[in-house]
Amino acid sequence: MKISFVLLWIGGLKLNATIINVHGEKLEFLIWARITFGLNALTGRKKSKDDHSLMIGDWNPKNAYDFMNYTASKGYKIDSYELGNELCGNGVAARIEAEQYGKDVIVLKKLVQELYPDPITQPKVLGPAGFYDKQWFDTFLQTSGPNVVDGLTHHIYNLGAGVDPTLINKVQDPYFLDQISQTYKVISNSIESFGPWAGAWVGEAGGAYNSGGKDVSHTFVDGFWYLDQLGMTSKFNHKVFCRQSLIGGNYGLLNTTTFIPNPDYYGALLWHRLMGTNVLAASHTGSPYLRVYSHCSKKTAGVSVLLINMSNSTTFEVSVVEEMNLYPEQYKSMKDIDQREEYHLTPKDGNIQSDVLLLNGTPLKLTESFDIPDMNPQLVDSMFPVKVVPDSIVFATLKGFKAQACA
Ligand SMILES: *[C@@H]1O[C@H](CO)[C@@H](O)[C@H](O)[C@H]1NC(C)=O
Ligand SMILES: *[C@@H]1O[C@H](CO)[C@@H](O)[C@H](O)[C@H]1NC(C)=O
Ligand SMILES: *[C@@H]1O[C@H](CO)[C@@H](O)[C@H](O)[C@H]1NC(C)=O
Ligand SMILES: CC(=O)N[C@H]1CO[C@H](CO)[C@@H](O)[C@@H]1O
């Protein structure tokens, strides 16, 4: 057994992570994580004389080249390289014109292709890693051209400032949460028109900015925002959603001091285990405080549904039917198959600002060896509707549900 210390930057926090490698000499920390490196896109540029936030001139890729060459020569598996951070549109501290950025990302793509000639292991190229601006993004895609940008990354902080005392209301307000869907829709349409080779990625999203909200972003109630976002972005054809952050700030998936998973960690894990990549159109006719999403199941036949009840007073009873297949005979035979697997998530003591999540009524706690506990479903007879109590989130897998799109 070999114990090594590695320095990891996670969510802006520097940590001493202990990696124990039981298999031999080589440190294999890249195996359990997908690594994206953000590259400095300001090297070589200078400030414009007329506009001090605008950076002009070509990107100098020398430093990035040396770094990528080193990484490639070590054989490290890198998922992607992203050019710059928050320099698009009006920028945050500085900005670059879309035409210039488009030219620079072509340079990056060429270097990546040269250093990683095998298309199977070739890292993806991402950009521009900033807030969406339709004209800027469209021009960027058109200037960079076919098969250069693999992931069009944009950042989302739709809940506003972390210190906002109304943050807790926003995460439970379906009308508020719906507003951002327009952005996802426009991005998805722009990609279809100007860059069908690229995937839409949320490259960074923490909900509320400036480290998230104290007593909100690391608690149960944040799942109303987070899981809803995963559902919504999937519907608008997004491929990746990067959560700010794994550790750090108020919005860490892991507690900053104890590293114990916060409720959103478990929510993400269930999403990952149950929701497949084929997204179904799901709708219902009830209250807007009930949110529904459905995908083909990830590992089994049938479909998985996510039901989010943001109401603190109403229990919803949900029957799942296929819109295209309402003939009673078929419906009946479909319902006869199997029991349904249900995962009910509620907060400890009914306190939506709790850090402790209950799965089917039992608190999720790390095991004695600090592993993630088993997360077993409750089996329910498919004859009965799914009961979604107030302030709860339910994942359900319906193995016997034969959606044509999942065949
Ligand atoms: C790239 O890396 C290899 C292996 O470390 C090294 O021999 C070579 O000089 C590097 N190329 C450049 C241009 O730095
Ligand atoms: C981390 O856990 C401690 C102890 O349970 C708690 O007081 C604190 O609020 C948590 N912080 C975050 C950011 O999760
Ligand atoms: C339920 O939500 C409403 C509206 O946000 C709020 O006024 C009320 O106090 C809440 N009730 C409980 C029991 O939390
Ligand atoms: C129809 C319904 O369930 N309404 C409730 C939705 O949730 C809000 C906030 O918890 C309540 O105020 C409504 O009464």
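Residues numbered from 1 in each chain as written. Chains lettered and ligands numbered in written order. Predicted model: local features only at pLDDT ≥ 70, side-chain atom pairs only at ≥ 80, totals over all residues.

J.: Got a minute to help me understand the overall build of the protein chain in this structure?
T.: For the protein chain, the helix and strand inventory stands at 9 helices and 22 strands. With 407 residues in all, the protein chain has 38% of them scored as buried. Partitioning the intrachain contacts of the protein chain with sequence separation of at least 6 by distance along the chain shows that 70% fall at a separation of at least 24. (Helix = DSSP H or I, 4+ residues; strand = E, 2+ residues; numbered from the N terminus. Buried ≥ 20, exposed ≤ 12 C-beta atoms within 10 Å, placed from the backbone. Contact = placed C-beta atoms within 7 Å.)

J.: How should I be thinking about the site of ligand 4 in this particular structure?
T.: Near ligand 4 the following residues occur: Ser-287, Tyr-289, Ser-311, Asn-312, Ser-313 and Thr-314. Tallied by class, residues from the shell around ligand 4 come to 1 nonpolar, 5 polar and no charged. (Near = placed C-beta within 6 Å. Nonpolar A, V, L, I, M, F, W, Y, C, P; charged D, E, K, R; others polar.)

J.: I would appreciate a short explanation of the packing of helix α2 (residues 98–115) against helix α3 (residues 134–144) in the present structure.
T.: Each pair of packed helices can be summarised by the angle the axes make with each other and by the distance between the axes. Look at α2 against α3: their axes get within 8 Å of each other, and the N-to-C directions meet at 40°. One element, α2, and the other, α3, form an angle in the oblique class. The two elements α2 and α3 meet at a crossing, and its hand is right-handed. For the pair α2 and α3, the contacting residues are Ala-98, Glu-99, Tyr-101, Gly-102, Lys-103, Val-105 and Ile-106 in the first and Trp-136, Thr-139, Phe-140, Thr-143 and Ser-144 in the second. (Axes fitted to C-alpha atoms, helices over the stretch in contact; angles between N-to-C directions. Parallel < 35°, antiparallel > 145°, perpendicular 65-115°, else oblique. Left-handed = near helix turned anticlockwise from the far one by under 90°.)

J.: What am I meant to see in the site of ligand 2 here?
T.: Every residue close to ligand 2 is listed here: His-218, Asn-250, Gly-252, Asn-255, Thr-256, Thr-257, Thr-258 and Asn-262. Grouping the constituent residues of the shell around ligand 2 by class yields no nonpolar, 8 polar and no charged.

J.: Is there a simple way to think about the nonpolar core in this case?
T.: Side chains of a nonpolar character, in soluble globular proteins, are inclined to be buried together. Grouped together as the largest cluster of nonpolar side chains are 80 residues, with contacts concentrated most on Val-125, Leu-152, Leu-306 and Val-394. Mapped onto the domain boundaries, this core takes at least three residues apiece from domain 1 (12–277) and domain 2 (282–406). Ignoring any residue separated from it by four or fewer positions in sequence, one finds Val-394 in contact with Leu-307, Glu-342, Tyr-343, His-344, Val-386 and Val-388. (Core = buried A, V, L, I, M, F, W, Y, C linked by C-beta atoms within 7 Å. Domains from an automatic or database assignment.)

J.: Please explain the environment of Val-356 as it appears in this structure.
T.: Inspection of the secondary structure assignment puts Val-356 in the loop between β17 (339–347) and β18 (357–359). Residue classification places Val-356 among the partly exposed positions, given that 16 C-beta atoms sit within 10 Å. For the pair Val-356 and Pro-261, spaced 95 residues apart in the sequence, the C-alpha separation amounts to 9.0 Å. Setting aside its immediate chain neighbours within four residues, Val-356 contacts Lys-348 and Pro-363.

J.: Would you mind going over the pairing of strand β15 (residues 303–309) with me for this structure?
T.: The side chains of a regular strand alternate, first on one face of the sheet and then on the other. In terms of burial, β15 is a largely internal element, 7 of the 7 residues being buried. The alternating pattern of β15 places Val-303, Val-305, Leu-307 and Asn-309 on one face and Ser-304, Leu-306 and Ile-308 on the opposite face, and all of these are buried. Here strand β14 (residues 290–297) runs beside β15; their pairing, made up of 7 bridges, is antiparallel. Within the sheet, the bridge partner assigned to Leu-290 lies in β15 and is Asn-309. Turn length for the β14-β15 hairpin, with the two strands adjacent in sequence and antiparallel, is 5 residues, and the turn residue Gly-302 shows positive phi of about 90°. Across 7 bridges, the pairing between β15 and strand β22 (residues 392–398) is antiparallel. For Val-303, the partnering residue across the bridge sits in β22 and is Leu-398. (Pairing = 2+ DSSP bridges.)

J.: How do you make sense of the sheet that holds strand β3 (residues 36–39) when you look at a structure like this?
T.: Each strand in a sheet pairs with another by means of backbone hydrogen bonds, the pair being arranged parallel or else antiparallel. Spatial ordering of the open sheet is given by β3-β6-β7-β8-β10-β12, a layout of 6 strands whose pairing is parallel. The sheet is open, and its two edges are formed by β3 and β12 (238–243), each paired on a single side. Averaged over all neighbouring strand pairs, the angle between strand axes comes to 25°, with direction disregarded. Bridge analysis of strand β10 (residues 199–205) against β12 gives 4 bridges, and the strand direction is parallel. Bridged to Ala-205 within β12 is Arg-243. Strands in contact with α2 are β6 (80–83) and β7 (124–130); relative to β7, the strand with the most contacts, it is inclined by about 150°.

J.: How should I be thinking about the packing of helix α7 (residues 222–235) against helix α8 (residues 263–274) in this particular structure?
T.: Across the interface, α7 lies against α8 with an axial gap of 10 Å and an inter-helix angle of 25°. Taken together, the axes of α7 and α8 lie roughly parallel to each other. Along this stretch, α7 crosses α8, giving a crossing that reads as right-handed. Contact residues: α7 offers Asp-222, Gly-223, Tyr-226, Leu-227 and Leu-230, while α8 offers Pro-263, Asp-264, Gly-267 and Trp-271.

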